[in-house]
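Report on the structure
Now for the letters of each chain:
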Amino acid sequence: MTAGYAASQPAVRARPLARARYHALTAYAVLAFGYLLLPIAIVIAFSFNDPAGRFNYTWQGFTLDNWRNWDAVPGLRNAMVTSLEVAAISSLVATALGTLIALALVRYGFRGRSATNLLIFLPMSTPEIVLGASLLALFLSLQFATGFLTIVIAHVMFNISYVVVTVKARLAAFDRHLEEAAMDLGANEWATFCRVTLPLIMPGILAAGLLAFALSVDDFVITYFNSGSTITFPLFVWGAARVGAPPQVNVFGTMIFVIALGLMLANILLQQKDSR
Amino acid sequence: MSWVHRHRGVVPYLLLAPGLAWLAVFFVVPLGFLGYQSLQEGSFDFGYTFSWAWQNYRDAISNYHEQLIRSFVYAGLATIIALVVSYPLAYWIAFRGGRWKNLLLLAIIAPFFVTYLIRTLAWQTILADHGVVAGILRDLHLLDADGRLLATSTAVVAGITYNFLPFMALPLYVALEAIDPQLIEAAEDLYASRLQAFLRVTLPLSLPGVFAGTLLTFIPAAGDFINAQLLGTPRQHMIGNVIQSKFLELIDYPAAASLSFVLMAAILFGVLSYARVLGTERLTG
């Protein structure tokens, strides 16, 4: 924290009032971070709780049993596996479809641009409950049985827009001269795309894929409407919450948190290495 | 390849086709079906038939205006609180974060790494009747001896605020981070006070972030039903709860469908007015 801090220190040292104001903002930031992180701490702490009854609400004592018996709750592991399968398939499909749209939007002028932009924007500005309800309305009307397949269809649908936005941001920051240089050196369009464009926007595509994966694993509302009898991890938590969620739910929640955090940390560290 | 060369104008449409087709079939068409359903009449036992039943909309609004208004009040409150809480935080990271910016940003989105339902259940634990927070507030006489935190409007608004706060903080940060600190220095060199520099330089330049954050927070908040379900009682139920139970429990499709459209129309009206001001291109990035 010292680097950015030191830069503006001299001016601060001069006036006590300004200094107090400076530290007040820092103190506020610390408090705000505490607020953001408190529920996470609760989730992790209660994965080590030793609940007396069915309800894992009050702290009863420390135990490692929940971690040791992580697979003791029937259906929980299957729900998690289903979630991961849905996320893997739907994020792959959505990333492919969304990247193509982003390429078209950034690289080409064509009729219907603003209509396309609107169609990308609308799913993001529609409440999840309406997205879920309308898809179910379609499946009911077609008498199409809801289940694994309909969950995947729904997840691809709501993920496309997020992929487009993420990849577009990367493409917009792209130096077109690099492509021109490749073409000047005799590469045709296809070779230029594969050897220059694609590698350069790959981080954006990867980021979009990860975002889609994360949104898919976390989705409850749209899944709830279109799941039939298939149970994903959030659906399992919902069902369990009504009768008192077992501490193993916290174990899984903690694992997801640690893995996601680890991936993001690795990404940040890699970026900092690159920029040095 | 040569065909593509001769018809260059076709390339963007080829790139767009698969993705837009998916959105057309699984987003636009379903909305159409929902609209069709919203005008049906009948009962679950005897089936529903289409009959231009516009009275569904009148019934939806007159029977559930309470939940509808509550949704917008809760979502509005949550959006305002999220803005007030996260603006100084985003400001602090953008201008004082130094080389730790990315890590601090990670702390802001960390709640997203805990499954939505699980972090809402964590708030159930925090606000519980025998929990620490309620105990402290009772000791300070800020809460009656038999007063509750859980199962109140406060709990629901607090839950919504927490759950969607990163949606507010991130665009704020992006907008604030893009501001050249030299602009603020220039304002101060030209004898603006710190407050004037903030009000006339920093704040206006961060407005796109405020707009984006407001939309990203308000839209999911208005349609939410999980916080009201887990942290509230039926007296805190929002329009999402009604749609959910009509659709999945009472199997009253026309009512659920017309309520969905009322909700969407109300939200879309707000969003499009924003988009008019900003341009859709800027909103979608």
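These numbers come from a predicted model, not from an experiment.

**Brief notes about the nonpolar core**
- The biggest cluster of nonpolar side chains holds 150 residues, and the ones touching the most others in it are A:Ile101, A:Ala133, B:Ala90 and B:Leu259.
- Element by element, the count of residues in this core is highest for helix α7 (residues 153–177) of chain B, at 16 residues.
- Setting aside residues no more than four positions away along its own chain, B:Ala90 makes contact with B:Ala169, B:Leu172, B:Tyr173 and B:Leu176.

**Considerations on the packing of helix α5 (residues 76–107) of chain A against helix α12 (residues 233–243) of chain A**
- One way to put it is that α5(A) packs onto α12(A) with a least axis distance of 7 Å and a crossing angle of 145°. The residues of α12(A) that touch α5(A), namely those facing A:Leu76, A:Ala79, A:Met80 and A:Ser83, are A:Phe233, A:Leu235 and A:Phe236.

**What to know about the environment of B:Ala75**
All names here are of chain B.
- Within the secondary structure, Ala75 is located in helix α3 (residues 55–96).
- Among the residues examined, Ala75 registers 26 C-beta atoms within 10 Å and is labelled buried.
- Each C-alpha atom of the pair Ala75 and Asp224 lies 8.8 Å from the other, and the pair is 149 residues apart in sequence.

**Side note on the pairing of strand β2 (residues 47–50) of chain B**
All names here are of chain B.
- Where strand β1 (residues 40–43) and β2 come together, four bridges link them in antiparallel fashion. When the bridges of β2 are listed, Ser43 appears paired with Gly47.
- The turn linking β1 back onto β2 is made up of three residues.

**Some details on the packing of helix α4 (residues 101–109) of chain B against α7(B)**
Residue and element names in this part refer to chain B.
- In contact at an axis separation of 9 Å, α4 and α7 are set at 155° when each is read in the N-to-C sense. One element, α4, and the other, α7, form an angle in the roughly antiparallel class. Each of Leu105, Ile108 and Ile109 in α4 lies in contact with α7, whose residues at this interface are Pro166, Ala169, Leu170 and Tyr173.
- Across the contact of α4 with α7, the residue classes break down as seven nonpolar, no polar and no charged.

**Side note on the confidence of the model for chain A**
- For chain A, per-residue confidence averages 86 on the pLDDT scale, and 92% of positions sit at 70 or higher.
- Note that pLDDT drops below 50 for residues 1–10 of chain A; the model gives that stretch 10 contacts with residues more than four away or on any other chain.

**Focus on helix α8 (residues 148–172) of chain A**
- End to end, α8(A) covers 36 Å across 25 residues, agreeing with the expected 36 Å (1.5 Å per residue, within 8%).
- Of all the bends in α8(A), the greatest, near 35°, is centred on A:Asn159.

**Remarks on the interface of chain A and chain B**
- With 72 residues of chain A in contact, the opposing surface of chain B contributes 73 residues.
- Secondary structure elements with two or more residues in the side of chain A that touches chain B: α1 (2–7), α3 (16–46), α5, α6 (113–125), α7 (128–141), α8, α12 and α13 (247–275) of chain A.
- Broken down by element, the residue count for the side of chain A that touches chain B peaks at 14 residues, all from α3(A).
- Here the side of chain A that touches chain B is composed, by residue class, of 57 nonpolar, 12 polar and three charged.

What counts and what doesn't
Residues numbered from 1 in each chain as written. Chains lettered and ligands numbered in written order. Predicted model: local features only at pLDDT ≥ 70, side-chain atom pairs only at ≥ 80, totals over all residues. Core = buried A, V, L, I, M, F, W, Y, C linked by C-beta atoms within 7 Å. Buried ≥ 20, exposed ≤ 12 C-beta atoms within 10 Å, placed from the backbone. Helix = DSSP H or I, 4+ residues; strand = E, 2+ residues; numbered from the N terminus. Contact = placed C-beta atoms within 7 Å. Axes fitted to C-alpha atoms, helices over the stretch in contact; angles between N-to-C directions. Pairing = 2+ DSSP bridges. Parallel < 35°, antiparallel > 145°, perpendicular 65-115°, else oblique. Nonpolar A, V, L, I, M, F, W, Y, C, P; charged D, E, K, R; others polar. pLDDT = per-residue confidence, 0-100. Expected span 1.5 Å × (residues − 1). Bend = angle between axes of the 7 residues up to and from the residue.

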